[in-house]
Amino acid sequence: MIDAATIRKDFPLLERRYGDTPLVYLDSAATTQKPNSVIDAISTYYRETNANVHRGAYRLADEATTAYESARTKVAGLINARSSSEVIFTRGTTAALNLLALRWADHLLSEGDRILLTLMEHHSNIVPWQLVAQRTGAELVYLDITPDFAIDLDRLDEVLDERVKIATVSGMSNVMGTIGPVDEITKAARAVGASVIVDGAQLVPHMPVDVQALDVDFLTFSAHKMLGPTGIGALWGRGELLDAMEPLEGGGEMITDVGLYESRWAPIPHKFEAGTPPIAQAVGFGAAVDYLVDLGMDDVRAHELDITAYALDRLAEVPDLTVYGPQDPARRGGAVSFELADIHAHDLATILDEEQGVAVRAGHHCAKPLMRHLEVPATARASFYVYTVPEDIDALVIGLMRAREIFGIA
Amino acid sequence: MSLQELYREVILDHYRNPRHRGHLPSPDVHAEGENPSCGDEFSLDLDVDGQTVAAIATQGQGCSISQASGSMMAEAVVGKSLDEIHELTSRFKRMMSIEEGESPVDEERPGSVLGDLEALQGVRRFPVRIKCADLPWTTLEDAIRRVEQGSEVLP
Ligand SMILES: Cc1ncc(COP(=O)(O)O)c(C=O)c1O
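Note that the coordinates shown come from a computational prediction; the quantities given were computed from them, not determined experimentally.

## Looking at the overall build of chain B
Now for step 1: Each helix and strand in chain B was counted, giving 5 helices and 3 strands.
Now for step 2: Each helix (α) and strand (β) of chain B, taken in turn from the N terminus, gives the series α-α-β-β-β-α-α-α.
Now for step 3: Relative to the compact-globule value of 15 Å for 155 residues, chain B shows a C-alpha radius of gyration of 15 Å, a close match.
Now for step 4: Put simply, chain B has 155 residues, and 50% of those count as buried.
Now for step 5: Partitioning the contacts of chain B with sequence separation of at least 6, the portion at a separation of at least 24 is 62%.
Now for step 6: As presented, chain B carries roughly 7,100 Å² of accessible surface, and 46% of it is formed by carbon and sulfur atoms.

Structural data, given as structure tokens:
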């Protein structure tokens, strides 16, 4: 079992104060804080190992290459990929989804084909597909949300016919916390021959993920949402599909031979990693994966269930508070969106920050179609991770009661 | 200034009972504003009679600061000439430190210079929120500019 109070000591930023008020960080769905082991890995890399990768004949360059490639092996291990060559380092989830849109979807789709999405997608899993639709003439179709904040699967059979070539779904909503029905959608998609993409930006940090057991085709995630640095993330894909895709960018590192008029591509993953990659970030990503694997992803999930159940219980004590997400912790992750009486989310965020040092996000959370569906222009969102303790939730609740007072709500 | 004071009665009153809400039947000019980063929206209709704002109606949704600022602004501009509105806008922006220059507010006599609008001064302490207070005013400036360019005033 995770002891979050002990774990916190590994995270220097969590010791921050605003004057006398300790920082209460409840915005981990946006980005997580980093443990010393990650910060040290990056700094040690620059102090002791820094060199460009893959092209030096000297020992330091070899060490840098090993550090970079061993990060890939760690990431591949975390998601149980068949081979580390199936893990491509990208700038993050957004870049990975755009790579798929440009090189998988554009090639696969034509007029009249369909892409299946859900109404709970993040803008980064919507806009790239709108661009695909514009380029190819394909159409987007969305699965609805039920009144209890799940994806509505009743219409799945009706919507999923041979015209659907790609289904792309969030593994976990960054707004409602809802766990996406990846299994159901994958089974149905397989039956009509559609390929399946999972936006794992929230899923991979919070739950054990096994890509072989999931049987999906592609998975995307970002290091910064799982204790790692910004500027790096991963696209995992089935080897044979990645092999069949054209590279996105041309340049150094991604070739085996370059002639005057044509070149030969390097095998995956390097085919998709043109130019000098974010080496230190990869090393930090690897250290983050080490940290999570040490904790154990089952325990990470167990802690999230506990802290989310506690948060939902405590929030239920606040009068006039509406939670936009499942009440059952088993169906959700630790991102909790809510509204309090007629207090706008921005006002709430300012009051929580000022009165209790509580950092929450306020707004549309890059999910405008979902917000329109829920008929709320903005929500406040508290989100948790391995270092979140019940005292953080208590501070949130005190702040919410204070907001009621300030707004003169009896 | 505490938060309690910031959100003191005046702001909450304008937030919950915004003045001049709605639409004008056939406005001389309509302008829309939005803060894309936080989603606050504010728009307004104006009737301009010669050089005077004869009527204003506002629409929008967002936080208490943006919507109260818009309500107070609407109250302050009806019946004012375009020149007076320029002066008022400049005073407001100086009070909020949005523009360079000394705040026109008389600390000794609260409310004597800019009326209810002075309740928004406290927002200066929350830099991320200043743009909320400013949204209705940039929308108004856009509307007035179009009136002055003559493009929107109907005969
Ligand atoms: C569900 C989901 N998808 C995609 C993204 C985009 O991730 P990134 O900004 O790291 O590319 C996020 C991050 O906000 C997210 O929560």
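## Comments concerning the overall build of chain A
Now for step 1: Secondary structure assignment for chain A yields 15 helices and 17 strands.
Now for step 2: Taking 410 residues into account, the globule formula puts the C-alpha radius of gyration at 22 Å, and chain A, at 22 Å, falls close to it.
Now for step 3: Projected onto its principal axes, the C-alpha coordinates of chain A cover approximately 75 × 55 × 35 Å.
Now for step 4: With 410 residues in all, chain A has 59% of them scored as buried.
Now for step 5: Once local pairs closer than 6 in sequence are excluded, the contacts in chain A between residues at least 24 apart make up 72%.
Now for step 6: Roughly 16,200 Å² of accessible area belongs to chain A as shown, and the carbon and sulfur atoms make up 50% of that amount.
Now for step 7: Here chain A contributes 34 positively and 59 negatively charged side chains, and the mean placements of these two sets differ by 4 Å.

## Re the environment of Q212(A)
Residue and element names in this part refer to chain A.
Now for step 1: Structurally, the position occupied by Q212 is in helix α9 (residues 211-214).
Now for step 2: Spatially, the C-alpha atoms of Q212 and R47 are 38 Å apart, while their sequence positions differ by 165 residues.
Now for step 3: Ignoring anything within four residues of it in the chain, the contact list for Q212 reads N80, A81 and R82.

## Section: the site of the ligand
Residue and element names in this part refer to chain A.
Now for step 1: The full set of residues close to the ligand is T93, T94, H122, S124, N174, D199, A201, Q202, S222, H224 and K225.
Now for step 2: H224 places a polar side-chain atom, nitrogen or oxygen, 2.8 Å from an oxygen atom of the ligand.
Now for step 3: Within the side chain of K225, an N or O atom sits 2.7 Å from an oxygen atom of the ligand.
Now for step 4: Considering the ligand on its own, with 400 Å² of exposed area, one finds that the protein chains cover 84% of that surface.

## Concerning the interface of chain B and chain A
Now for step 1: Listed by partner, the interface residues are 18 residues for chain B and 17 residues for chain A.
Now for step 2: Counting every contact that joins chain B to chain A gives 4 salt bridges.
Now for step 3: Across the salt bridge formed by D347(A) and R129(B), the nearest N and O atoms sit 2.7 Å from each other.
Now for step 4: Put simply, chain B and chain A have 8 residue pairs in polar contact (both at pLDDT 80 or more) between them.
Now for step 5: Secondary-structure elements contributing two or more residues to the side of chain B that touches chain A are α1 (3-6), α2 (9-16) and α3 (64-77) of chain B.
Now for step 6: Per-element tally for the side of chain B that touches chain A: the top contributor is α2(B), with 3 residues.
Now for step 7: Per-class residue counts for the side of chain B that touches chain A are 9 nonpolar, 4 polar and 5 charged.

## Quick notes on the side chain of H14(B)
Residues and elements named next belong to chain B.
Now for step 1: Mapping H14 onto the fold places it in helix α2.
Now for step 2: Judged by relative accessible area, which is 0%, H14 ranks as buried.
Now for step 3: Engagement of the side chain of H14 in a polar contact is seen with the side chain of S71, the distance being 2.7 Å.
Now for step 4: The contacts of H14, once residues within four sequence positions are left out, are R19, A68, S71, M72, E75 and D116.

## Describing the packing of helix α2 (residues 36-49) of chain A against helix α11 (residues 279-295) of chain A
Two packed helices can be described by the angle between their axes and the distance between those axes.
Residues and elements named next belong to chain A.
Now for step 1: Packing of α2 against α11 leaves a shortest axis separation of 8 Å and a crossing angle of 145 degrees. By crossing handedness, the relation of α2 to α11 is classed as right-handed. Residues S37, V38, A41, I42, Y45 and Y46 of α2 lie in contact with α11, whose contacting residues are I279, A280, V283, G284, A287, A288 and Y291.

## Description of the domain arrangement of chain A
Reports of interface size often rely on the accessible area that becomes lost once the parts have come together.
All names here are of chain A.
Now for step 1: For chain A, the assigned domains read domain 1 (4-30 + 296-405) and domain 2 (39-294).
Now for step 2: Each of domain 1 and domain 2 was reduced to a C-alpha centroid, and the two centroids are 28 Å apart.
Now for step 3: When domain 1 packs against domain 2, the two sides together hide about 2,900 Å² of surface, and 60% of this comes from carbon and sulfur.
Now for step 4: Looking only at domain 1, the three residues that lose the most surface to domain 2 are M297, L370 and Y385, adding up to 22% of its buried area.
Now for step 5: In this structure, the salt-bridge partner of D148 is R331, at a minimum N-O distance of 4.0 Å.
Now for step 6: Our count for the contact surface shared by domain 1 and domain 2 stands at 19 residue pairs in polar contact (both at pLDDT 80 or more).
Now for step 7: If you list the elements that add at least two residues to the side of domain 1 that touches domain 2, you get α12 (297-316), β14 (335-340) and α14 (368-374).
Now for step 8: Among the residues making up the side of domain 1 that touches domain 2, the classes are represented as 23 nonpolar, 7 polar and 8 charged.

## Topic: the pairing of strand β17 (residues 379-383) of chain A
Residue and element names in this part refer to chain A.
Now for step 1: With 5 of 5 residues buried, β17 lies mostly within the body of the structure.
Now for step 2: Burial of the side chains of β17 extends over both faces: T379, R381 and S383 are buried on one face and A380 and A382 on the other.
Now for step 3: Of the pairings in the sheet, the one linking β14 to β17 comprises 4 bridges and is antiparallel in character. For F338, the partnering residue across the bridge sits in β17 and is A380.
Now for step 4: Judged from the 3 bridges that link them, strand β16 (residues 361-363) and β17 form a sheet pairing that is antiparallel. Its bridge partner lying in β17, A362 is registered against A380.

Each value, and the rule that gives it
Residues numbered from 1 in each chain as written. Chains lettered and ligands numbered in written order. Predicted model: local features only at pLDDT ≥ 70, side-chain atom pairs only at ≥ 80, totals over all residues. Heavy atoms only, no water. Helix = DSSP H or I, 4+ residues; strand = E, 2+ residues; numbered from the N terminus. Rg over C-alpha atoms; globule rule 2.2 N^0.38 Å. Buried < 20%, exposed > 50% of the residue type's maximum accessible area, 1.4 Å probe, protein only. Contact = heavy atoms within 4.5 Å. Areas by Shrake-Rupley, 256 points an atom, 1.4 Å probe, with all protein chains shown as cover. Lys, Arg positive; Asp, Glu negative; His and termini not counted. Charge placed at Lys NZ, Arg CZ, Asp CG, Glu CD. Near = heavy atom within 4 Å. Polar contact = N/O pair within 3.5 Å; in protein donor to acceptor, adjacent residues only side chain to side chain. Salt bridge = Lys/Arg side-chain N within 4 Å of Asp/Glu carboxyl O. Nonpolar A, V, L, I, M, F, W, Y, C, P; charged D, E, K, R; others polar. Axes fitted to C-alpha atoms, helices over the stretch in contact; angles between N-to-C directions. Left-handed = near helix turned anticlockwise from the far one by under 90°. Domains from an automatic or database assignment. Buried area = accessible area lost by both parts, 1.4 Å probe. Pairing = 2+ DSSP bridges.

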